[in-house]
Amino acid sequence: QVQLVESGGGLVQAGGSLTLSCAASGRTSTIVASGWYRQAPGKQRELVAGITTSGSNTNYADFVKGRFTISRDNAKNTVLLQMNSLKPEDTAVYYCNVRAWHGQDSWGQGTQVTVSS
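First, a word on what this report is: a plain description of the structure on this page. Note that the structure is predicted; figures quoted are calculated from it, not measured.

Re the overall build of the protein chain
- Tallying secondary structure elements over the protein chain gives 0 helices and 11 strands in all.
- In sequence order, the secondary structure elements of the protein chain are arranged as β-β-β-β-β-β-β-β-β-β-β.
- What you see for the protein chain is a C-alpha radius of gyration of 13 Å, in line with the 13 Å of a compact globule of 117 residues.
- Projected onto the principal axes, the alpha-carbon positions of the protein chain cover approximately 40 × 25 × 20 Å.
- Scored against the burial criterion, the 117 residues of the protein chain give a buried share of 39%.
- Taking the intrachain contacts of the protein chain between residues at least 6 apart in sequence as the baseline, contacts between residues at least 24 apart amount to 52%.
- With an accessible surface of roughly 6,100 Å², the protein chain has 49% of that area assigned to carbon and sulfur atoms.
- Counting 10 positive and 7 negative side-chain charges, the protein chain places the averaged centre of each group 3 Å from the other.

Regarding the sheet that holds strand 3 (residues 18–26)
- Read from one edge of the open sheet, 4 strands run 1-3-8-7, paired in antiparallel fashion. Unpaired on one side and paired on the other, strand 1 (2–7) and strand 7 (68–73) mark the two borders of the sheet. Direction aside, neighbouring strands of the sheet carry axes that sit 15° apart on average.
- Pairing of strand 3 with strand 8 (residues 78–83) involves 6 bridges; the strand directions are antiparallel. Counterpart to C22 in the pairing with strand 8 is V79.

Overview of empty space enclosed by the protein
- What the rule picks out here adds up to 2 cavities of 30 Å³ or more.
- Roughly 70 Å³ of volume is contained in the largest cavity.
- What lines the largest cavity is simply Q1, V2, R27, T30, I31, V98, R99, A100, H102, Q104 and S106.
- When residues of the lining of the largest cavity are assigned to their parent elements, the largest contribution, 3 residues, is made by strand 9 (residues 92–100).

What to know about the packing of aromatic side chains
- By the definition in use, this model includes 1 aromatic pair.
- Judged by centre distance (4.9 Å) and plane angle (65°), the rings of Y37 and W107 are edge-to-face. Of this pair, Y37 sits in strand 4 (residues 31–39) while W107 sits in strand 10 (residues 105–107), and the two are 70 residues apart along the sequence.
- According to the relative accessible area criterion, W107 is partly exposed, its value standing at 36%.
- Geometry around Y95 places R45 over its ring, the cationic atom sitting 3.7 Å from the centre.
- Between R45 and the ring centre of W107, over which it is positioned, the NZ or CZ distance is 4.7 Å.

A word on the pairing of strand 11 (residues 111–116)
- Every second residue of strand 11 is oriented toward a common face, the buried set being T111, V113 and V115 and the non-buried set Q112, T114 and S116.
- Taken together, the 4 bridges between strand 2 (residues 10–13) and strand 11 define a ladder with parallel strand orientation. Within the sheet, the bridge partner assigned to Q13 lies in strand 11 and is S116.
- As paired elements, strand 9 and strand 11 share 3 bridges and run antiparallel to each other. Across the sheet, residue V93 finds its bridge partner in strand 11, namely Q112.

Description of the environment of S29
- Note that S29 resides in the loop between strand 3 and strand 4.
- Separated by 46 residues in sequence, S29 and A75 have C-alpha atoms that sit 11 Å apart.

Criteria and thresholds
Residues numbered from 1 in each chain as written. Predicted model: local features only at pLDDT ≥ 70, side-chain atom pairs only at ≥ 80, totals over all residues. Heavy atoms only, no water. Helix = DSSP H or I, 4+ residues; strand = E, 2+ residues; numbered from the N terminus. Rg over C-alpha atoms; globule rule 2.2 N^0.38 Å. Buried < 20%, exposed > 50% of the residue type's maximum accessible area, 1.4 Å probe, protein only. Contact = heavy atoms within 4.5 Å. Areas by Shrake-Rupley, 256 points an atom, 1.4 Å probe, with all protein chains shown as cover. Lys, Arg positive; Asp, Glu negative; His and termini not counted. Charge placed at Lys NZ, Arg CZ, Asp CG, Glu CD. Pairing = 2+ DSSP bridges. Axes fitted to C-alpha atoms, helices over the stretch in contact; angles between N-to-C directions. 1 Å grid on protein atoms, 1.4 Å probe; cavity = no way out; pocket = protein on both sides within 12 Å on 5 of 7 lines; lining within 4 Å. Points joined across faces, edges and corners; volume = space filled by probe spheres on them. Phe/Tyr/Trp six-rings, centres within 6.5 Å; stacked < 30°, edge-to-face > 60°. Lys NZ or Arg CZ within 6 Å of the ring centre and 35° of its normal.

So, to be careful, I would describe these as geometric facts and stop short of saying anything about function.
Printed below as a string of structure tokens:
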């Protein structure tokens, strides 16, 4: 089992930046991929960005390409999401996710990001 704790959310003006952090503990050696998802009120949860544990592969949703960057620090078992040029439509609860080699997913509690216009 992997436990995840997110931090870094908050209120920011449009055009501003935030960095989300996700710290993993527990059976971190089983993690093969990590990602950030978000869920806005009344909408389904959607993938924002993903990264393999090796860091060699990343993927981004079209709506964040060029603005968000996902990275990881394996020594600290941490995944970061650098968010620049934030827009009001980026407002959502952001969730960290990790997937173990055997297919089990673990989720964080979520962190609120609010972008004011």
